[in-house]
Amino acid sequence: MSEAAAPQTTDRRELTAAQRNAVAELLRVSPVADELGRRFAAAGHELHLVGGSVRDALLGRLGEDLDFCTDAHPDQTLEVLRGWAEAIWETGREFGTIGCQRDGLRLEITTFRAESYDQVSRNPVVVYGTSLVEDLRRRDFTINAMAVSLPEHRFADPYDGLADLSAKVVSTPGTPAESFGDDPLRMLRAARFAAQLRFAVHPDVQAAMTRMAADLDRITAERIRDEFTKLLCGVDPITGLRLLVDSGLAERFLPELTGLKLEIDEHAQHKDVYEHTLTVVRNAISYEEDGPDFVLRMAALMHDVGKPATKSTGTDGRVSFHHHEVVGARLTKARMKALRYPKDVTAKVTTLVALHLRFYGYGRGEWTDSAVRRYVTDAGDLLTWLHKLTRSDCTTRNRRKAAQLAADYDALEERIARIAADEDLARVRPDLDGNAIMELLGVPPGPIVGRAWKYLKDLRLERGPLDRDAAEAELLCWARDEGIRD
């Protein structure tokens, strides 16, 4: 880990290639950033682009959200911004942060801080600092502890963040224990950066994550959820997931993932469920079309979490996991609820986990048109996701078996398309609506109408569309059998 030091500054003639890259990125936003820097300077204050903004500039990926730090206090920052910013917000004021918007850029300006944490929650006890070096030391990782002054563009790197950025290593400005003791969420952030940036975590950092994993219990479910979502949607989530499991962090908030490491019985041949799951996640990513798809990735991650609870060995020594999709769906729902995921997102992932085995058996020729209709109807709006998840779940190394499974699923998709061309599979409804049912049976709205509607819906799935006369005849026959009509 790097020790505290005076800021390393350079002028433009001495910039390294990486720093020149950062300056080039800064030039894109400098009309706004430099103008803001001049306003702070005129008011007698410093202003620095800082943290993730500098890191991303060095990586050539600076976005539209910019972070700054200053020696000005929030009231003084507001004075500088008034009359210049197009919009101002003070939601982070208690932590010394004032936000504003200008020319399509979102800017957040935070007073130098030398905060400590209460060691119970992650909430900082805000103490304003007096120097840039002091402010940078309190940041999570060295790659986020660099700054560029405005408008001069002088580079400050007191903790060798540029060296770690070049080496693609995640390390902390001070000791990892000190950093994680202040804010345990940083342990999860380390894994997230490994997933997002394809960086390695410094051995000292990983050792501290392992020793201090239980401290993650101090963090709210919502904050853990947000970091985990970013990790899973990173360019290399497999690295991040392995780090969570190996360090023990996953056990604190996603024990189902750790639980996939089943003991392999040398006599009972079955897949390594943990490694299989990571492969399914990797496969699922290959089917994405418009960037990271959290629903697909989460369904891939959770699809087999019901296996540990359903594992059994038969008299022939073969391992089975009967109904693991049902158990897995229940566990997935409970875990996502605990992590405070929105209900609609949870419902999508849970449904995919419940349906992920439905396809198997199709290749044996057992599926009727009715089974195909039910497959499509049960999947509903999730059908495209289910296609991708099912294909991702094929991880066999047997090339002939893999080719056969792929061909079978191709055949199923072609069959769905063929039936859909004749029937509106996306919106399967009974051939008679509620009004027609009430009129034909002479009953008011109530449970009988619902039962009749369900009967006709099942009939529609079983036999396909019926004409009006046939549908009415079937309904009257059902009503007689139910004792509703003579």
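Placed above this text is the structure.
In this report, the structure presented in the accompanying data block is examined. A quick note: this is a predicted structure, and the numbers were derived from the prediction, not measured. (Residues numbered from 1 in each chain as written. Predicted model: local features only at pLDDT ≥ 70, side-chain atom pairs only at ≥ 80, totals over all residues. Heavy atoms only, no water.)

Describing the overall build of the chain
So, step 1. The number of helices and strands found in the chain is 23 helices and 13 strands.
So, step 2. Out of the 486 residues belonging to the chain, those deemed buried represent 50%.
So, step 3. The contacts of the chain with a sequence gap of at least 6 include a subset with a gap of at least 24, amounting to 66%.
So, step 4. Within the structure as shown, the chain displays about 22900 Å² of accessible surface, and the carbon and sulfur contribution to it stands at 48%. (Helix = DSSP H or I, 4+ residues; strand = E, 2+ residues; numbered from the N terminus. Buried < 20%, exposed > 50% of the residue type's maximum accessible area, 1.4 Å probe, protein only. Contact = heavy atoms within 4.5 Å. Areas by Shrake-Rupley, 256 points an atom, 1.4 Å probe, with all protein chains shown as cover.)

Here we look at the pattern of salt bridges
So, step 1. Taken as a whole and judged by the stated rule, the model has 27 salt bridges.
So, step 2. The salt bridge involving arginine 93 is made with aspartate 75; its shortest N-O contact spans 2.1 Å. Here the residue arginine 93 occupies a position in the loop between strand S3 (87-89) and strand S4 (97-102), and aspartate 75 occupies one in helix H3 (residues 74-81), the gap between them amounting to 18 residues.
So, step 3. According to the relative accessible area criterion, arginine 93 is partly exposed, its value standing at 28%.
So, step 4. Of the charged contacts in the structure, one is a salt bridge between glutamate 289 and lysine 388, with a shortest N-O distance of 3.5 Å. Of this pair, glutamate 289 sits in the loop between helix H13 (273-286) and helix H14 (294-302) while lysine 388 sits in helix H19 (residues 383-392), and the two are 99 residues apart along the sequence.
So, step 5. A relative accessible area of 12% means that lysine 388 is categorised as buried. (Salt bridge = Lys/Arg side-chain N within 4 Å of Asp/Glu carboxyl O.)

Comments concerning unusual backbone geometry
So, step 1. For the bond from leucine 150 to proline 151, the omega torsion is 10°, close enough to zero to count as cis.
So, step 2. Mapped onto the elements, proline 151 comes out in the loop between strand S8 (147-149) and strand S9 (155-156).
So, step 3. Of note, histidine 153 is a non-glycine position whose phi angle comes to about 65°, a positive value.
So, step 4. Classification of histidine 153 as buried rests on a relative accessible area of 3%.

Overview of the nonpolar core
So, step 1. If you look at the biggest cluster of nonpolar residues, it comprises 106 residues, and the most contacted ones within it are Leu107, Phe228 and Leu244.
So, step 2. The residues touching leucine 244, leaving out its near neighbours within four places in the chain, are Leu188, Ala191, Phe228, Leu231, Leu249, Ala250 and Phe253.
So, step 3. With 12 residues, the next largest nonpolar core counts Leu441, Leu456, Ala471 and Ala479 among its residues. (Core = buried A, V, L, I, M, F, W, Y, C linked by side-chain atoms within 4.5 Å.)

Some details on the side chain of arginine 192
So, step 1. Along the chain, arginine 192 falls in helix H7 (residues 185-197).
So, step 2. Given the relative accessible area of 7%, arginine 192 is considered buried.
So, step 3. Every residue in contact with arginine 192, bar those within four places of it in the chain, is listed here: Glu227, Lys230 and Leu231.

Section: H3
Residue pairs spaced three or four apart in an α-helix point in one direction, given the helix's 3.6 residues per turn.
So, step 1. Pro74, Thr77, Leu78, Val80 and Leu81 are the residues of H3 that are buried. The arc enclosing the buried residues of H3, seen along the axis, measures out at 160°, which places them on a common side.
So, step 2. Of the residues one or two after H3, glycine 83 is the one with positive phi, at around 90°. (Arc of directions from axis to C-beta.)

A short note on H7
So, step 1. For H7, spanning 13 residues, the distance from its first C-alpha to its last is 18 Å, which sits close to the expected 18 Å at 1.5 Å a residue.
So, step 2. With 12 of 13 residues buried, H7 lies mostly within the body of the structure.
So, step 3. Buried within H7 we find Leu185, Arg186, Met187, Leu188, Arg189, Ala190, Ala191, Arg192, Phe193, Ala194, Ala195 and Leu197.
So, step 4. Of the residues flanking the end of H7, it is arginine 198, one or two places downstream, whose phi is positive at about 60°. (Expected span 1.5 Å × (residues − 1).)

Structural notes on the pairing of strand S1 (residues 47-50)
So, step 1. Judged by which residues are buried, S1 turns out to be covered on both faces: Leu47 and Leu49 on one side and His48 and Val50 on the other are all buried.
So, step 2. By the bridge criterion, three bridges tie S1 to S8 in an arrangement that is antiparallel. In the strand pairing of S8, leucine 49 is matched with valine 148. (Pairing = 2+ DSSP bridges.)

Notes on the packing of helix H17 (residues 343-355) against H19
So, step 1. In contact at an axis separation of 10 Å, H17 and H19 are set at 50° when each is read in the N-to-C sense. In terms of axis orientation, H17 runs oblique to H19. Classified by chirality, the crossing of H19 by H17 is right-handed. Across the interface between the two elements, Lys348, Leu352 and Leu355 of H17 pack against Trp385, Leu386 and Leu389 of H19. (Axes fitted to C-alpha atoms, helices over the stretch in contact; angles between N-to-C directions. Parallel < 35°, antiparallel > 145°, perpendicular 65-115°, else oblique. Left-handed = near helix turned anticlockwise from the far one by under 90°.)

Describing the packing of H13 against H14
So, step 1. Taken N-terminus to C-terminus, the directions of H13 and H14 make an angle of 160°; their axes are 8 Å apart at the nearest point. In terms of orientation, H13 lies roughly antiparallel with respect to H14. At the point where H13 passes H14, the crossing takes the right-handed sense. Together, Thr277, Val280, Val281, Ala284 and Ile285 of H13 and Leu296, Arg297, Ala300 and Leu301 of H14 make up the contact between the two elements.
So, step 2. Here the residues of the contact of H13 with H14 sort into seven nonpolar, one polar and one charged. (Nonpolar A, V, L, I, M, F, W, Y, C, P; charged D, E, K, R; others polar.)

Observations regarding the sheet that holds S4
So, step 1. With mixed pairing, seven strands are arranged side by side in an open sheet as S3-S4-S5-S2-S1-S8-S9. The open sheet has two edge strands, S3 and S9, and neither has a second partner.
So, step 2. Pairing analysis gives six bridges linking S4 to strand S5 (residues 105-111), with the strands arranged antiparallel. From the neighbouring strand, isoleucine 98 faces S5, where its bridge partner is isoleucine 109.
So, step 3. Contacts between H3 and the sheet are confined to strand S2 (65-70), S3, S4 and S5, with S4 contributing the most and set at about 10° to the helix.

Overview of the packing of aromatic side chains
So, step 1. Applying the stated criterion across every chain, the model contains four aromatic pairs.
So, step 2. With centroids separated by 5.6 Å and ring planes inclined at 70°, the aromatic side chains of phenylalanine 228 and phenylalanine 253 adopt a geometry described as edge-to-face. Of this pair, phenylalanine 228 sits in helix H9 (residues 221-232) while phenylalanine 253 sits in helix H11 (residues 249-253), and the two are 25 residues apart along the sequence.
So, step 3. In this structure phenylalanine 228 comes out as buried when scored by relative accessible area, which is 0%.
So, step 4. Geometrically, the ring pair formed by phenylalanine 359 and tyrosine 409 is edge-to-face, given 4.6 Å between the ring centres and 65° between the ring planes. With phenylalanine 359 in the loop between H17 and helix H18 (369-379) and tyrosine 409 in helix H20 (residues 399-422), the pair connects residues that are 50 residues apart, well separated along the chain. Assigned by exposure class, phenylalanine 359 and tyrosine 409 land together as buried. (Phe/Tyr/Trp six-rings, centres within 6.5 Å; stacked < 30°, edge-to-face > 60°.)

Observations regarding the pairing of S5
So, step 1. Among the seven residues in S5, five count as buried, and that is most of the element.
So, step 2. Joining the antiparallel neighbours S4 and S5 is a turn of two residues, in which aspartate 103 adopts a positive phi near 50°.

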